[in-house]
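Below, each chain spelled out in residue letters.
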Amino acid sequence: QTCTLPIYTNCEGRFELTRAAIEYAKSKGVPVVISAGNTGSYGVSGPGCVGPAFSVGAVRNDLRVASYSSYGPMVDIYAPGGSSLYSTLNTPTGYGYKAGTSMSTPMVSGALALLKQHDPVAGVRRLQNAVMRGAQQGFDPKLGGIAPVLDLGGALTVLDANQPPEVVFHVGPV
């Protein structure tokens, strides 16, 4: 049976419990990364439309937004979502090919985890900013514009460039 989620271009006033949970997680230093949806439509599936969530769409190998990916300004970042990804779901015939924003989302979550490991004092906003500012330029053919695509190396460069100044403590006379 297929479950079709509604697509939102604005979900203010909706998902209030989810919004509270996301804000709580972020206040504790935990980024919340949610897939944008696989409708190929303008807008984002709930709860990815909740403002504090980090919403992820999918791109193909050529960095073009995948035809099935939800798209538009509510999508924060895109990541590979098919083309050459194999699921860790072990089927009777072996590992299987899967495509979708649910394949893209763990890539962004993993990138944020690696960045946090690299800089343990970085907060959620700083980590997400590094991902956004370090992104490659993909292409959104439906909107005819740039789509930010996850680039861990670029994010790491941005994170390192935005390090706060080192504080040096001296004991005794200087």
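Report on the accompanying structure. Remember, it's a predicted structure, so these values are computed and weren't measured experimentally. (Residues numbered from 1 in each chain as written. Predicted model: local features only at pLDDT ≥ 70, side-chain atom pairs only at ≥ 80, totals over all residues. Heavy atoms only, no water.)

The subject of this paragraph is the pattern of salt bridges. Counted according to the given criterion, the structure contains three salt bridges. Between arginine 19 and glutamate 16 there is a salt bridge, with the nearest N and O atoms lying 3.8 Å from each other. Of this pair, arginine 19 and glutamate 16 both sit in helix α1 (residues 16-27), separated by three residues, roughly a single helical turn. Under the relative-accessibility criterion, glutamate 16 is labelled partly exposed at 42%. The closest approach of N and O atoms between arginine 60 and aspartate 62, which form a salt bridge, is 2.4 Å. Arginine 60 sits in the partly exposed class, given a relative accessible area of 36%. (Salt bridge = Lys/Arg side-chain N within 4 Å of Asp/Glu carboxyl O. Helix = DSSP H or I, 4+ residues; strand = E, 2+ residues; numbered from the N terminus. Buried < 20%, exposed > 50% of the residue type's maximum accessible area, 1.4 Å probe, protein only.)

Of the consecutive residues glycine 46 and proline 47, the connecting peptide bond is found in the cis state with omega at 5 degrees. With respect to the helices and strands, proline 47 occurs in the loop between β3 (44-45) and β4 (54-59). Not every positive phi belongs to a glycine, and leucine 63 is a case in point at roughly 65 degrees. As for its position among the elements, leucine 63 is in the loop between β4 and β5 (77-80).

With that settled, the discussion passes to the packing of helix α3 (residues 124-133) against helix α4 (residues 152-161). Running from amino to carboxyl end, α3 crosses α4 at an angle of 125 degrees, the nearest separation of the two axes being 7 Å. Classified by the angle their axes make, α3 and α4 are oblique. Of the two elements, α3 crosses α4, and the hand of that crossing is right-handed. Residue-level contacts link Arg126, Leu127, Ala130, Val131 and Arg133 of α3 to Ala155, Val158 and Leu159 of α4. By residue class, the composition of the contact of α3 with α4 is six nonpolar, no polar and two charged. (Axes fitted to C-alpha atoms, helices over the stretch in contact; angles between N-to-C directions. Parallel < 35°, antiparallel > 145°, perpendicular 65-115°, else oblique. Left-handed = near helix turned anticlockwise from the far one by under 90°. Contact = heavy atoms within 4.5 Å. Nonpolar A, V, L, I, M, F, W, Y, C, P; charged D, E, K, R; others polar.)

Let us look at the environment of leucine 152. You can see leucine 152 is positioned in helix α4. Leucine 152 sits in the partly exposed class, given a relative accessible area of 34%. Apart from residues lying up to four places away in sequence, leucine 152 is in contact with Ala111, Leu114 and Leu115.

The next subject is the pairing of strand β8 (residues 136-140). Here five bridges tie β8 to strand β9 (residues 145-149), and the two strands are oriented antiparallel to one another. Paired with glutamine 137 across the strands is proline 148, a residue of β9. (Pairing = 2+ DSSP bridges.)

A few words now on the packing of helix α2 (residues 101-118) against α4. Packing of α2 against α4 brings their axes to within 11 Å, and their N-to-C directions diverge by 35 degrees. Once α2 is placed against α4, the crossing between them reads as right-handed. Together, Ala111, Leu114, Leu115 and His118 of α2 and Leu152, Ala155, Leu156, Leu159 and Asp160 of α4 make up the contact between the two elements.

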